[in-house]
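Next come the chains, spelled out residue by residue.
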Amino acid sequence: MKEEPHMTLTAACHCGAVKIEAPDLPKQAASCNCTWCHRTGAVWGYYSPDELTITATGPVGDYAPNGMNHHHFCATCGGNTHGFSPDWGSVYNADGTPKEGHQPGSMPSTRIAAVNLRMASDLDLSSIKIEQMDGRNNW
């Protein structure tokens, strides 16, 4: 039996100044309709923060309107590359209902890293299951 080649993920902004490397393709991905994600069109692949290598040869912007969700972008070309936030998926289902053992209003105890998969130019998004998240009404 032939072994499948190991797939890594490399994502970069349009000008290449911000680059994110992950050891694997994401295990899960999401398209969120919150006011930020809807405007940027991001499709997020999730990782533990220590799995990513992020390099920048120019300034990186950080937009965190509520202080919890940090959205990072290349300050040169504006590409929305990655973010860090509480791991909402560990506490809530995609429809916003709390997972078993959690109550409405629960805060996740861990943080998660998100890579905008649209920044990976060689990735076929149709090959990854993308869950639709209702962030506009639920977070």
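Residues numbered from 1 in each chain as written. Predicted model: local features only at pLDDT ≥ 70, side-chain atom pairs only at ≥ 80, totals over all residues. Heavy atoms only, no water.

Turning to the nonpolar core, a few remarks are in order. Core analysis: the largest hydrophobic core is formed by 19 residues, its most contacted members being L9, Y47, L52, V115, L117 and L123. At the level of elements, β1 (9-12), β2 (18-22) and β9 (111-116) are the ones that each hand at least two residues to this core. Here this core takes 3 residues from β2, the largest share from any one element. (Core = buried A, V, L, I, M, F, W, Y, C linked by side-chain atoms within 4.5 Å. Buried < 20%, exposed > 50% of the residue type's maximum accessible area, 1.4 Å probe, protein only. Helix = DSSP H or I, 4+ residues; strand = E, 2+ residues; numbered from the N terminus.)

A separate point is the sheet that holds strand β5 (residues 53-56). What the 3 strands build is an open sheet, ordered β1-β2-β5; its pairing is antiparallel. The open sheet has two edge strands with one neighbour each: β1 and β5. Recorded for the sheet is a direction-independent mean angle of 15 degrees between the axes of neighbouring strands. When β2 meets β5, the two strands line up antiparallel, connected through 4 bridges. When the sheet's bridge partners are listed, E21 is paired in β5 with T53. (Pairing = 2+ DSSP bridges. Axes fitted to C-alpha atoms, helices over the stretch in contact; angles between N-to-C directions.)

With that settled, the discussion passes to the packing of aromatic side chains. The geometry of an aromatic ring pair is captured by two quantities: the separation of the ring centres and the angle between the planes. For the structure shown, the criterion picks out 2 aromatic pairs. Seen from their ring centres, W88 and Y92 are 6.5 Å apart, and the 40 degrees between their planes marks the pair as tilted. You'll find W88 and Y92 in the same group, each marked buried. (Phe/Tyr/Trp six-rings, centres within 6.5 Å; stacked < 30°, edge-to-face > 60°.)

Let's shift gears to the side chain of H82. The topology assignment puts H82 in strand β8 (residues 80-86). The exposure class assigned to H82 is buried, which follows from its relative accessible area of 4%. A polar contact of 2.7 Å, which involves the side chain of H82, links it to the side chain of T81. (Polar contact = N/O pair within 3.5 Å; in protein donor to acceptor, adjacent residues only side chain to side chain.)

Let's shift gears to the side chain of H71. Along the chain, the position of H71 falls in strand β7 (residues 70-74). On the accessibility criterion, H71 (13% relative accessible area) is buried. Looking at H71, its side chain comes within polar contact range of the side chain of W36, at 3.0 Å. The contact partners of H71, leaving out residues within four places of it in the chain, are W36, G61, D62, Y63, H82 and G83. (Contact = heavy atoms within 4.5 Å.)

In this section: the sheet that holds β7. The strand order across the open sheet built from 7 strands is β6-β7-β8-β9-β4-β3-β10, with neighbouring strands paired in mixed fashion. Across the chains shown, the open sheet's two edge strands, defined by having one partner strand only, are β6 (60-63) and β10 (130-133). On average, adjacent strands in this sheet sit at an angle of 30 degrees to one another, irrespective of strand direction. For β7 and β8, the ladder comprises 4 bridges, and the chain directions are antiparallel.

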